[in-house]
Amino acid sequence: MTKIKFICTLLLFISTQGIAQNDDFPVSRKVKGKVRSIDQTETTYTRGLVTADGWELEPTIGENGEEIEEFSFRTIELYDKQGRLVEYHHLQPDGTLFVRNCYEYKGKETEEEVIAKYNQEGTLVSREVRENRRPGYKQLVTYNNRGERIATTEHKLEKNTVRVTSTNQRGQIVYSRESVYKEGLLQRSKSTQPREDISEISEFTYNEMGDIKEHIYTYAEGREQYTTRTFHTYEYDKQGNWIKRTSLMEKAEVPCDIAERVIKYY
């Protein structure tokens, strides 16, 4: 594993951590008020970052060998009046659509959730069906655009711990995660990808608004291991939702990530 690969993995986790938490039981998408849409622009900086172990991380290298010191992307989330996510758009830096997800819900208690994922050409890439019919158990099945099952993910809730296991079409375990919650907030998460010999551990503390204040992240691949400590500060709107997040890694002089959101309400 290279330092470049590590930084890309870490910053992707920073930018997607809100969505990732939504896969588990205790945490719903954490927005306050009757939100209509969230338009978020995020800029990631890849120079001057240092791990908690004192390693200086190298900047990302582009396709033509050039150093990429920063890159931006934009996401748009659309909600219905019940507070449920109905569309998610991921746009490239030039504004072109990269991914579009559409969500459908069935049953009074959202017993089934269907997510259709489309690429930039508008072609269906995959469908995910989440079933929530049994207390403490959730199943997610992923199908390709031909309707063939390609992966199954199970979520099992035991007290404040959620255990997640993903298997491929052959029934082989490709991913597992154990997440511990307290009062609905993720405290610690450990995930493994046994076929790739990769493991990740995240630990979180929160501010008075319930947003992540500090994130300790450990990435291990084979015998190599790196740890980072990232601090987040926020600016909020009148509803109590954050509209700007600045992320700073320990021992770094410049932010590693800045995200700004425009939130519209019903």
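A brief report on the enclosed structure follows.

1. Describing the pairing of strand S11 (residues 161-168)
Inference 1: For S11, the buried fraction is high: six of the eight residues fall into the buried class.
Inference 2: Two strands pair when backbone bridges link them, and strand S10 (residues 149-158) and S11 are joined in this way by eight bridges, in the antiparallel orientation. Residue pairing for S11: Lys156 is matched across the bridge by Arg163.
Inference 3: The hairpin formed by S10 and S11 contains two residues between the paired strands, and Lys159 there has a positive phi angle of roughly 55°.

2. Description of the pairing of strand S4 (residues 70-79)
Inference 1: Bridge count between strand S1 (residues 35-45) and S4: nine bridges; the pairing is antiparallel. Within S4, the position partnered with Ser37 by the bridge is Leu78.
Inference 2: As defined by bridge partners, S4 adjoins strand S5 (residues 85-91) across six bridges and the pair is classed as antiparallel. Paired with Thr75 across the two strands is His90, which belongs to S5.
Inference 3: In this structure, the hairpin formed by S4 and S5 is closed by a connection of five residues, where Gly83 is found at a positive phi of approximately 85°.

3. Let's talk about the nonpolar core
Inside soluble globular proteins, nonpolar side chains tend to come together where they are buried.
Inference 1: In this structure, Val162, Val164, Tyr181, Leu186, Phe204, Tyr206, Ile212, Tyr234, Trp242 and Ala259 together form the largest nonpolar core, which totals 10 residues.
Inference 2: Elements that contribute at least two residues to this core include exactly S11 and strand S14 (198-206).
Inference 3: Those residues in contact with Trp242 that lie beyond four places of it in its chain are Gln40, Asp211, Tyr234, Glu235, Tyr236, Ala259, Arg261 and Ile263.
Inference 4: Judged by nonpolar contacts, the second largest core, of eight residues, contains Ile38, Tyr79, Tyr88 and Tyr103.

4. So, the side chain of Glu214
Inference 1: Here Glu214 is to be found in strand S15 (residues 212-221).
Inference 2: The class for Glu214 is buried, based on a relative accessible area of 18%.
Inference 3: Of note is the side chain of Glu214, whose polar atom sits 2.4 Å from the side chain of Arg229.

5. Let's talk about unusual backbone geometry
Inference 1: In this structure, Glu183 takes a positive phi of about 55° despite not being glycine.
Inference 2: Topologically, Glu183 is positioned in the loop between strand S12 (173-182) and strand S13 (185-193).
Inference 3: Residue Glu183 is classed as exposed on the basis of its relative accessible area, which comes to 77%.
Inference 4: Residue Asp197 is not a glycine yet carries a positive backbone phi of 55°.
Inference 5: Inspection of the secondary structure puts Asp197 in the loop between S13 and S14.

6. Notes on the pattern of salt bridges
Inference 1: Summed over all chains, the structure comprises 13 salt bridges.
Inference 2: Note that Glu42 and Arg245 form a salt bridge whose closest N and O atoms lie 3.1 Å from each other. Linking Glu42 in strand S1 with Arg245 in strand S17 (residues 242-249), this pair joins segments that are 203 residues apart in sequence. Residues Glu42 and Arg245 agree in their burial class; the two are buried.
Inference 3: Two residues, Arg245 and Asp257, come together in a salt bridge whose shortest N-O distance is 3.3 Å. Of this pair, Arg245 sits in strand S17 while Asp257 is found in strand S18 (residues 257-265), placing the two residues 12 residues apart along the sequence.

7. Things to note about the packing of aromatic side chains
Inference 1: For the coordinates displayed, the defined rule picks out two aromatic pairs.
Inference 2: With a centroid separation of 5.9 Å and 35° between ring planes, the pair formed by Tyr234 and Tyr236 is classed as tilted.
Inference 3: What makes Tyr236 partly exposed here is its relative accessible area of 26%.
Inference 4: A centroid spacing of 5.9 Å and a plane angle of 55° characterise the contact between Tyr234 and Trp242, whose relative ring orientation is tilted.
Inference 5: A relative accessible area of 9% means that Trp242 is categorised as buried.
Inference 6: Counting every residue linked through ring pairs, the aromatic cluster contains Tyr234, Tyr236 and Trp242.
Inference 7: The ring of Tyr118 carries the charged tip of Arg100 above its face, separated from the ring centre by 4.6 Å.
Inference 8: The lysine or arginine in question, Arg261, covers the ring of Trp242, its NZ or CZ lying 3.8 Å from the ring centre.

Reading the values: rules and limits
- Residues numbered from 1 in each chain as written.
- Predicted model: local features only at pLDDT ≥ 70, side-chain atom pairs only at ≥ 80, totals over all residues.
- Heavy atoms only, no water.
- Buried < 20%, exposed > 50% of the residue type's maximum accessible area, 1.4 Å probe, protein only.
- Helix = DSSP H or I, 4+ residues; strand = E, 2+ residues; numbered from the N terminus.
- Pairing = 2+ DSSP bridges.
- Core = buried A, V, L, I, M, F, W, Y, C linked by side-chain atoms within 4.5 Å.
- Contact = heavy atoms within 4.5 Å.
- Polar contact = N/O pair within 3.5 Å; in protein donor to acceptor, adjacent residues only side chain to side chain.
- Salt bridge = Lys/Arg side-chain N within 4 Å of Asp/Glu carboxyl O.
- Phe/Tyr/Trp six-rings, centres within 6.5 Å; stacked < 30°, edge-to-face > 60°.
- Lys NZ or Arg CZ within 6 Å of the ring centre and 35° of its normal.

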